[in-house]
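# Reading the structure
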Amino acid sequence: MINRDVEIHLQKFSGLYVQLGVLEKLLRVVIPQSLGSNPYDSYDLEWMNKLPVDQENDKRYRKALIRRKLERKNQLLNITDLLPFSFWKNILHSRNYTSLWIPYTHTILGSSGDSKTFPIYTELESRIYLAHKDRNLIAHYNTSLIKGLDKSLENVRWLQEAMGLVKAE
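Notes on the structure in this doc start here.

The rules behind these values
- Residues numbered from 1 in each chain as written.
- Predicted model: local features only at pLDDT ≥ 70, side-chain atom pairs only at ≥ 80, totals over all residues.
- Heavy atoms only, no water.
- Salt bridge = Lys/Arg side-chain N within 4 Å of Asp/Glu carboxyl O.
- Helix = DSSP H or I, 4+ residues; strand = E, 2+ residues; numbered from the N terminus.
- Buried < 20%, exposed > 50% of the residue type's maximum accessible area, 1.4 Å probe, protein only.
- Patch = residues over 30% accessible without salt bridge, like charges linked within 9 Å, V, L, I, M, F, W, Y side chains within 5 Å.
- Areas by Shrake-Rupley, 256 points an atom, 1.4 Å probe, with all protein chains shown as cover.
- Expected span 1.5 Å × (residues − 1).
- Arc of directions from axis to C-beta.
- Phe/Tyr/Trp six-rings, centres within 6.5 Å; stacked < 30°, edge-to-face > 60°.
- Core = buried A, V, L, I, M, F, W, Y, C linked by side-chain atoms within 4.5 Å.
- Bend = angle between axes of the 7 residues up to and from the residue.
- Axes fitted to C-alpha atoms, helices over the stretch in contact; angles between N-to-C directions.
- Parallel < 35°, antiparallel > 145°, perpendicular 65-115°, else oblique.
- Left-handed = near helix turned anticlockwise from the far one by under 90°.
- Contact = heavy atoms within 4.5 Å.
- Nonpolar A, V, L, I, M, F, W, Y, C, P; charged D, E, K, R; others polar.

### Regarding the pattern of salt bridges
Any two side chains of opposite charge can pair, so long as their charged atoms come close to each other. Applying the stated criterion across every chain yields a total of eight salt bridges. The closest approach of N and O atoms between R62 and D58, which form a salt bridge, is 3.1 Å. With R62 and D58 both in helix α2 (residues 55-70), this residue pair falls four residues apart, about one helical turn. The class of D58 is partly exposed, set by a relative accessible area of 32%. In this structure, R127 engages E123 in a salt bridge whose closest nitrogen and oxygen atoms are separated by 3.0 Å. Pair noted here: R127 and E123 are both in helix α5 (residues 118-139), with a separation of four residues, about one helical turn.

Written as structure tokens, this is what we have:
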């Protein structure tokens, strides 16, 4: 039987889940923008042409296109809203350091000269990986596997701030 303690436990993680949502929405804007597209223009898909051929992301992209086509009520639905967190995480994988990070996506961290360096990139990749892992644990109600709520929140806020959000108070 589920008792009130379970509900209280899940409520403790709701703040982290909201912040992870903010991070995912942010990735949907900054990554296409870094690839030279207007993330708010639902027809601007040129940014996809700059992505390396990747079987998993191609499958996610094609699925999102089908979902958008099936959504008859809102033909202007932006494809970025239909791509999962794993799509964005995959773009920031270290195998894309020279093909995406150096020429384009480093700009998601602002104009710092250090943003192109491999240590900065690997830190970002590691933090995105942890955020994605926490997001999936929360989404599937496996919160007992999260190793520290405060550390997870700190990680997500670091990512948000690094990508240009105002520092969370």
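### Concerning a nonpolar patch on the surface
A cluster of nonpolar side chains, I2, V6, L10 and Y141, forms an exposed patch at the surface whose accessible area comes to about 410 Å². Mapped onto the secondary structure, V6 falls in helix α1 (residues 4-34).

### Details of helix α6 (residues 149-162)
Compared with an ideal rise of 1.5 Å per residue, which puts 14 residues at 20 Å, α6 spans 20 Å between its outermost C-alpha atoms and is within 8% of the ideal. The set of residues buried in α6 consists of L149, S152, L153, N155, V156, L159 and Q160. What you see down the axis of α6 is that its buried residues fit within an arc of 160 degrees, all on one side. Turned more than 90 degrees away from the buried face of α6 sit D150, K151 and E154, all of them exposed. In the stretch just after α6, G164 is the one whose phi turns positive, near 105 degrees.

### What to know about the packing of aromatic side chains
Counted by the stated rule, this structure contains seven aromatic pairs. When the ring of Y97 is compared with that of F118, the centres are 4.8 Å apart and the planes differ by 85 degrees; the resulting orientation is edge-to-face. Here the residue Y97 occupies a position in helix α4 (residues 97-101), and F118 occupies one in helix α5, the gap between them amounting to 21 residues. Overall, Y97 belongs to the buried group, its relative accessible area being 17%.

### Things to note about the nonpolar core
L16, L27, I31, W47, F87, I108 and M163 are the most contacted members of the largest nonpolar core, which totals 41 residues. Elements represented by at least two residues in this core include exactly α1, α2, α3 (85-91), α4, α5 and α6. If you tally residues by element for this core, the top one is α1, at eight residues.

### So, α1
In this model, α1 (31 residues) spans 45 Å end to end at C-alpha, consistent with the 45 Å of a helix rising 1.5 Å per residue. At F13, α1 shows its largest kink, close to 35 degrees. A positive phi of about 90 degrees marks G36, the residue just after α1.

### Structural notes on the packing of α1 against α5
The packing of two helices is summarised by the inter-axis angle and the distance between the axes. At a closest axis distance of 10 Å, the pairing of α1 and α5 adopts a crossing angle of 130 degrees. With respect to their mutual orientation, α1 and α5 come out oblique. Between α1 and α5 lies a crossing whose hand is left-handed. Contacts between α1 and α5 involve F13, L16, Y17, L20, L23, E24 and L27 from the former and I128, A131, D134, R135, I138 and A139 from the latter. Along the lines of polarity and charge, the residues of the contact of α1 with α5 split into 10 nonpolar, no polar and three charged.

### Focus: the environment of G113
One can find G113 in the loop between α4 and α5. G113 sits 35 residues away from G148 along the chain, and the two C-alpha atoms are 32 Å apart.

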